[in-house]
Amino acid sequence: MLTVQNITRTFNAGKAGFRNVTFSIEEGEIIGILGTSGCGKSTLLRVLSGLDDQYEGQISFSERTVGMMFQEPRLMPWLTVHENICFGVQKGQKKDLAKDLLQLVGLDEFAGHYPKDLSGGMAQRTAIARSLITEPDVLLLDEPFSALDAFTKMQLQDLLLSIWQKRQTTMILVTHDIDEALYLCDRIFILRGQPGELYAEINIEQAKPRSRGDVALAEKKAEILNLLDLNHKSKEDLL
Ligand SMILES: Nc1ncnc2c1ncn2[C@@H]1O[C@H](COP(=O)(O)OP(=O)(O)OP(=O)(O)O)[C@@H](O)[C@H]1O
Ligand SMILES: [Mg+2]
């Protein structure tokens, strides 16, 4: 459904951003993007979302309704949960969908609350529902759970998975959390360098939902840590 060929987005005379990125994604896949800070992950999502058109190379989408979700919920403080979810869609339109989404993210009882009265997890749930109101073909997520505590994070990962099971939404998930990527993704792209380049691709064959303690996933984790140069192979490495 999405193919990108040799896309490059750099700033200030060739610095930073990312370069020569090529991949294609099938409908219904969950793709993870992992890489150290500054390797161009957010820049890549912005380009894929259409927010940034200053790139070189080719992007072809078979359909293109894109939903986007960020690290912070970015809710309008003067609007209720329900109004935030419907923000941007015409009044009256999608009324039933908004109701379904409130239920899907477990906030039907909080529809009339304002953002200041929500926990961090509830605010991110609202943001998930808002990103789905346009019924996007692709959901782009930029570290959506990184500001949350470990337990809330796991609950929201499961929420994302249940959304995928119900709707088969294609997702591209930027994360710093290797366990999160291993739990949710069918393929993980590793970006390295500045500007970032696609360095490796890891396939996770296990069917979803997966067990968080899976031994095979732990092996993949070691592989990813090596690819990111974050694994110490021997005690001497630490000295
Ligand atoms: N609008 C811009 N103008 C100039 N440089 C930029 C711009 N946007 C991003 N950059 C640079 O491009 C590089 C990649 O930034 P980006 O935000 O995509 O990284 P990232 O991989 O998302 O990092 P993080 O994991 O910290 O979120 C950085 O060096 C950043 O300073
Ligand atoms: Mg980023």
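What comes next is a walk through the structure.

Conventions used here
In every chain, residue numbers begin from 1 and rise along the written sequence. Labels follow written order: the first chain is A, the first ligand is 1, and so on. Residue-level local features of this predicted model are given only where pLDDT is at least 70; pairs of side-chain atoms are given and counted only at 80 or more, and the full residue set underlies all totals for whole chains, interfaces and linings. Working from all heavy atoms in the structure, the side-chain values ignore hydrogens and water. A single heavy atom is enough: if one lies within 4 Å of a molecule or strand, its residue is considered near that molecule or strand. Pairs of N or O atoms are called polar contacts if they sit within 3.5 Å, as long as, within protein, a hydrogen donor faces a hydrogen acceptor (for residues adjacent in sequence, only side-chain-to-side-chain pairs). Elements are defined by DSSP. Helices are runs of H or I of four residues or more, strands are runs of E of two residues or more, and each kind is numbered from the N terminus. Residue polarity is assigned by list, with Asp, Glu, Lys and Arg as charged and Ala, Val, Leu, Ile, Met, Phe, Trp, Tyr, Cys and Pro as nonpolar; anything else, Gly included, falls into the polar class. Every axis in this analysis is a line fitted to C-alpha atoms, fitted for helices over the stretch in contact. Angles between the N-to-C directions lie between 0 and 180 degrees. Each angle gets one of four labels, with under 35 degrees taken as roughly parallel, over 145 as roughly antiparallel, 65 to 115 as roughly perpendicular, and the rest as oblique. In a left-handed crossing the near helix is turned counterclockwise from the far helix by less than a right angle, and in a right-handed crossing that turn is clockwise. A contact between two residues is defined here by any heavy atoms of the two lying within 4.5 Å.

**A word on the site of ligand 1**
By nearness alone, every residue bordering ligand 1 is listed as Phe11, Ala16, Gly17, Ser37, Gly38, Cys39, Gly40, Lys41, Ser42, Thr43, Glu143 and His176. At a separation of 2.6 Å, an oxygen atom of ligand 1 approaches a polar side-chain atom of Ser37. For the shell around ligand 1, the secondary structure elements donating two or more residues are strand E2 (15–25) and helix H1 (41–49). The element that contributes the greatest number of residues to the shell around ligand 1 is H1, accounting for 3 residues. Residue composition of the shell around ligand 1, by class: 3 nonpolar, 7 polar and 2 charged.

**Quick look at the packing of helix H4 (residues 120–132) against helix H5 (residues 150–167)**
Their axes nearest at 11 Å, the elements H4 and H5 cross at an angle of 20 degrees. With respect to their mutual orientation, H4 and H5 come out roughly parallel. For the pair H4 and H5, the sense of crossing is right-handed. Contact residues: H4 offers Gly121, Gln124, Arg125, Ile128 and Leu132, while H5 offers Thr152, Gln155, Leu156, Leu159 and Ile163. Partitioned by chemical class, the residues of the contact of H4 with H5 number 5 nonpolar, 4 polar and 1 charged.

**Looking at unusual backbone geometry**
Residue Pro195 is reached from Gln194 by a cis peptide bond, and omega for that bond is 0 degrees. Residue position: Pro195 is located in the loop between strand E8 (187–192) and strand E9 (197–203). Cis geometry is found at the peptide bond from Lys208 to Pro209, where omega equals 0 degrees. Relative to the helices and strands, Pro209 resides in the loop between E9 and helix H7 (215–227).

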